[in-house]
Amino acid sequence: MSGSPINNVCEVLRDIYQRTQKDYRLFTYNTQTDVKRTLKTLSERNDNLQASGGTSFACIFTAIKDYLLQNASAKKPIAFIFMTDGQDNEPNGPALQKSIQMLKLMLSGMINSPPITFHVIGFGEVNDTFLNQIRTFGTRQGLFRYSTESKELQNNFNDMFEYALNVHQFTIKFPDGKTFTANNIDNETVGFLTNDGDDLSAMVELTLIDEKAITTQFPLAPMKDVRTIHLLHALNLIQPENEEQVKSIQTCLNDIQITNSKNFAERLEAEQIYKEIDQRMMEYRQLFTQLKMTQVPERVKLQLSALRHDPIFANTQRKKKLDLRVYKNVDYFKKTDVSGILQGYKDSITPDAWQKIKEQKQDWVDTYSNEDIYEIMRKSTDNILCLGIFVQRDEEVISNPAKGLKLLKVTNTIISYDSFINGMNLAKGNQQAQGQFTTLNDLYFIAGTLADEQINAVIPLYINDEHMKRIRILEGIWLGYLYTLDSYGYDKQQEVALLKLLYEIIQQRTNTQRQKQVLIELEKVCRFIIDESQGFKTAEQYGEKTYEKLLKRLPIVNTQEYDLSIPLMIGYLRNDLTSVLVPIYYEYLRQEYLKKYSKNLATVKTIVENLVYGCDAKHLPTASSTNNSNTLINNNLPDHIEKTFIDYFHDELSQPVQLTPENIIKESHKRMIREEIELDYIKSLLLPLPDFIRTILNSCQIDEDFIEKHLHYDTLRYELLITFYYLIYSDTNSGGLLNLPKKENILSVIDRRLQSEKERVVAHDYFESVQLVRLVSDVALNCKTLEGFAGVMRKYCPNRRGPIFSGIFIQLLESYDESEGDNTVGTATKKEKLMALLKNQILTTTATKVIYEDMDQCHSLPSLDEQLKSLRRFIDEKKVEQIGLQNRGRLVVYCRKTLMVDRQCQRKRNYRFFLNPFYEDSF
């Protein structure tokens, strides 16, 4: 195994050590076995495991046997997680067979010892029969996982480790002497299946024996109150042997009503188990279909073997993008007594409040159950009344809910949440009965009130204050399902995205009295969220904080991803629409021009110059000047020098300490700033009113020329200059956007920058003196910060070649892996400086910034230790004199040496080292 798979495994192993701080043994093998490693040694080393070459299982089985013999007296359970990505070099060879026999012989003598288990993970081209044989080697049978992708391998290794760490085995004994074995990881529920012929009616107790041989007697009696959760736990234990059994399980599953539970936490758990069984049965059907083929691919056998163990891992880590979010929300609901809170709300409703709810009966009736709002609130504590809608989801809805969900149609159907969930499960079951997977972007649905209405999502209606209390407590549940089809799938960004959905509902509204009534109730729910919800107020992207930035006209990071219908709806719901219309229009201009123009475009520079100097610019004559001063004087302390280069790195208009003489030539013309507004030119940059603004203006009966009437053209010029100069032409990063000029001085600031572009540095005179080259190199190598180092490199090595760059690069390469002694904490090391050059980026306090604008970045690099050592040897052996660096999709180091053909003639020899991917050639 090599490349990404082994790197992913190493990441998992390091994470396991960081979490557990337990130094587990680590055996690596190919044709030989290394048994000296541990998780701690791996975690402390920067390099990953090297796993390449052939495969000899004989050597690893022998090493395991030796390890067990050495630790036989420890009397502790032992679990091996055995992983391979290939088959033995000699699968039928005598060495392998002998090693297996010896291992089994030794294990047969350890039956009375604490359990020894072999869990197996296969990756890629492996043999199903052989790997299943390995998991039965121990005194307790192990589990099997199979991966075809590196990402799966990482998840499977984590799953397997968590299981091996937490599993407990129980023996269940019937009065007639029959025994069963069960494994569990939660210490709460022990489940097992009996045989069809077992008669349980006459049994009154059973015996449970745990791993420590502690015996407990349990009375055995038929369960009278069989709840949904019990049915699902039982169904989850069944492993189908053929396609008919899969269909039978699916039929049972579709008959289970998961909304019947009165306990809210139990209901959510039931929903999760239901989905896991449902998905697993579909995978079984696909695999059984493939097994009907004449020649069954080995991969299908492996996947089927792994699937049989899938229920065991369901409680450790779900295989989906929502894992971390789901676990976080599950933990919240476990710690929060939601059922108790909802019951308390119901108990606190006064007779007068019940009477008012009763008066709303005629207006709010569940189309499916025919129960009105009064009956719904009387019968349950957690059911709510909603509006049915038809939406389209794609996978992006998980990370970007506003972008990943689109409203297709608003219906007139009022439906309770319980009726909706039950109806959707039935519709989903019908689709899967046809052998189809259901995914986020499937459009299965239930019927609405009218003949052509389809519903696959709902939004709660306010209706009354007591109903809204329920909606508030259940907010994470209905939002999670709305955007991810998972009641545990809630994320704060969904509260923000709901505003876009409200806009789309307004966009599709009709002027019927009923739709106006429904819209008012929807708006009340959304208004409550933006005013009261902490989720909305603390949402990282595009929530309350972004809205405040928009009003203050501060630049918004990734503005092109910001759906402007969201701030429009915030202003609308807060009855402050007229205050936000102009800022939103300015942001719309910014978004559209960012899409239209690329950075450093000559057209953009012309627009900026026209805004600053006017379309008919006037020039002031100036004299040419030459500057040959050397400002490096004796009292310049090292920290002061570095500070000037840090400032230069962040703003090239600032002047660092001059290390070498520079010849500066200035152009002889300077333009005059035009203070007055060129109205016609400014108006030519305006764009037509977008539809999303026009829709809300019409809905609120505001004139469409409102924005044009309220534009301030000096503010508009400022907005356009920020957009065209800073965001497009200069491509200012997020850190630089924190220090934008104010409206009063933006013309003079941009003028100074534009005039400075006309200055041209003819040459640094470092060719004249080896001493000056050494001086610049010493400053760069002794910089304590990466920002100071990057400033020196950008100033004196702008093209990444020449004597200074070559000297610095070679010195960094020669000593990057050496210890730097008493290096002060926080001081940039030589290795960090070398990697900064190779990645072309450094991490500052505000953002990640590039060193060279004309070179690609490497956001992540694999370990280059071996490649850099090879490059170092090559430079030394070939006596390379000049180095160059470039990255245009491939990271390349150019090497040049001078060949003396004879005393009068010199010839250059050029080499290229491709560091990522790695190879070397000459040209």
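Residues numbered from 1 in each chain as written. Predicted model: local features only at pLDDT ≥ 70, side-chain atom pairs only at ≥ 80, totals over all residues. Heavy atoms only, no water.

- Identification of the chain as VWFA domain-containing protein from Didymodactylos carnosus is taken from an unreviewed UniProt entry.

A look at the overall build of the chain
Line of reasoning, step 1. A tally of helices and strands in the chain yields 37 helices and 24 strands.
Line of reasoning, step 2. In the chain, which comprises 923 residues, the share counted as buried stands at 49%.
Line of reasoning, step 3. When contacts within the chain are restricted to residue pairs at least 6 apart in sequence, long-range pairs at least 24 apart make up 69% of them.
Line of reasoning, step 4. As presented, the chain carries roughly 46,400 Å² of accessible surface, and 48% of it is formed by carbon and sulfur atoms. (Helix = DSSP H or I, 4+ residues; strand = E, 2+ residues; numbered from the N terminus. Buried < 20%, exposed > 50% of the residue type's maximum accessible area, 1.4 Å probe, protein only. Contact = heavy atoms within 4.5 Å. Areas by Shrake-Rupley, 256 points an atom, 1.4 Å probe, with all protein chains shown as cover.)

Digging into the sheet that holds strand β14 (residues 457-460)
Line of reasoning, step 1. Reading across the sheet, the three strands line up as β11-β10-β14 and stay open at both edges, with antiparallel pairing between neighbours. Looking at strand neighbours, the two that pair on one side only are β11 (405-416) and β14, the edges of this open sheet. Pairs of neighbouring strands in the sheet enclose a mean axial angle of 35 degrees, with direction left out of account.
Line of reasoning, step 2. Judged from the four bridges that link them, strand β10 (residues 385-393) and β14 form a sheet pairing that is antiparallel. Bridge pairing in β14 places Ile389 opposite Ala457.
Line of reasoning, step 3. Contacting β10, β11 and β14, helix α21 (residues 513-532) crosses the sheet at an angle of about 105 degrees to β11. (Pairing = 2+ DSSP bridges. Axes fitted to C-alpha atoms, helices over the stretch in contact; angles between N-to-C directions.)

Quick look at the nonpolar core
Line of reasoning, step 1. By size, the foremost hydrophobic cluster in this structure holds 142 residues, and its most contacted members are Trp478, Leu498 and Phe724.
Line of reasoning, step 2. Broken down by element, the residue count for this core peaks at 12 residues, all from helix α31 (residues 713-729).
Line of reasoning, step 3. Residues in contact with Trp478, not counting those within four places in the same chain, are Ile384, Tyr417, Pro460, Ile471, Leu498, Val525 and Ile529.
Line of reasoning, step 4. If you look at the next biggest cluster of nonpolar residues, it comprises 48 residues, including Val779, Ile810, Leu885 and Leu891. (Core = buried A, V, L, I, M, F, W, Y, C linked by side-chain atoms within 4.5 Å.)

Side note on the packing of aromatic side chains
Line of reasoning, step 1. Per the counting criterion, the structure on display carries 24 aromatic pairs.
Line of reasoning, step 2. The interplanar angle of 25 degrees and the centroid separation of 5.8 Å between the aromatic rings of Phe61 and Phe82 together place this pair among those described as stacked. Taken together, the residues span a long stretch of sequence, with Phe61 in helix α3 (residues 57-70) and Phe82 in strand β3 (residues 78-84) at a distance of 21 residues.
Line of reasoning, step 3. Assessed through its relative accessible area of 0%, Phe61 is described here as buried.
Line of reasoning, step 4. Using a relative accessible area of 5% as the deciding quantity, one classes Phe82 as buried.
Line of reasoning, step 5. Summarising the aromatic geometry, the rings of Phe805 and Phe809 are spaced 5.9 Å apart at their centres and angled 25 degrees between planes, so their arrangement reads as stacked. Pair noted here: Phe805 and Phe809 are both in helix α35 (residues 803-815), with a separation of four residues, about one helical turn. Across this residue pair, the class does not change: Phe805 and Phe809 are buried. (Phe/Tyr/Trp six-rings, centres within 6.5 Å; stacked < 30°, edge-to-face > 60°.)

Digging into helix α4 (residues 94-108)
Note on helix geometry: an α-helix contains 3.6 residues per turn, so any two residues three or four positions apart are oriented the same way.
Line of reasoning, step 1. When the terminal C-alpha atoms of α4 are compared, their 21 Å separation across 15 residues agrees well with the 21 Å that a helix rising 1.5 Å per residue should span.
Line of reasoning, step 2. Inspection of α4 places Leu96, Ser99, Ile100, Leu103, Met106 and Leu107 among the buried residues, and these make up the whole buried set. Taken end-on, α4 shows its buried residues confined to a sector of 135 degrees, consistent with a single buried face. Along α4, exposed side chains directed more than 90 degrees from the buried face belong to Pro94, Lys98, Gln101 and Leu105.
Line of reasoning, step 3. Contact partners of the buried residues in α4: α3, β4 (116-123) and α5 (128-134). (Expected span 1.5 Å × (residues − 1). Arc of directions from axis to C-beta.)

Concerning the environment of Leu868
Line of reasoning, step 1. Tracing the sequence through the fold places Leu868 in helix α37 (residues 865-878).
Line of reasoning, step 2. By relative accessible area, Leu868 is classed as buried at 1%.
Line of reasoning, step 3. In this structure Leu868 touches Leu813, Tyr816, Leu834, Leu838 and Leu915, once residues within four positions along its chain are discounted.

As for a nonpolar patch on the surface
Line of reasoning, step 1. Side chains of Leu193, Leu237 and Ile238 sit close together on the surface and give an oily, nonpolar patch of about 220 Å² of accessible area.
Line of reasoning, step 2. Residue position: Ile238 is located in the loop between α7 (228-236) and α8 (243-254). (Patch = residues over 30% accessible without salt bridge, like charges linked within 9 Å, V, L, I, M, F, W, Y side chains within 5 Å. Salt bridge = Lys/Arg side-chain N within 4 Å of Asp/Glu carboxyl O.)

A look at unusual backbone geometry
Line of reasoning, step 1. The phi dihedral of Arg553 is positive, around 60 degrees, even though this residue is not glycine.
Line of reasoning, step 2. In this structure, Arg553 sits in the loop between α23 (544-552) and α24 (565-573).
Line of reasoning, step 3. Even without glycine at this site, Asn575 takes up a positive phi of about 55 degrees.
Line of reasoning, step 4. Residue position: Asn575 is located in the loop between α24 and α25 (577-596).

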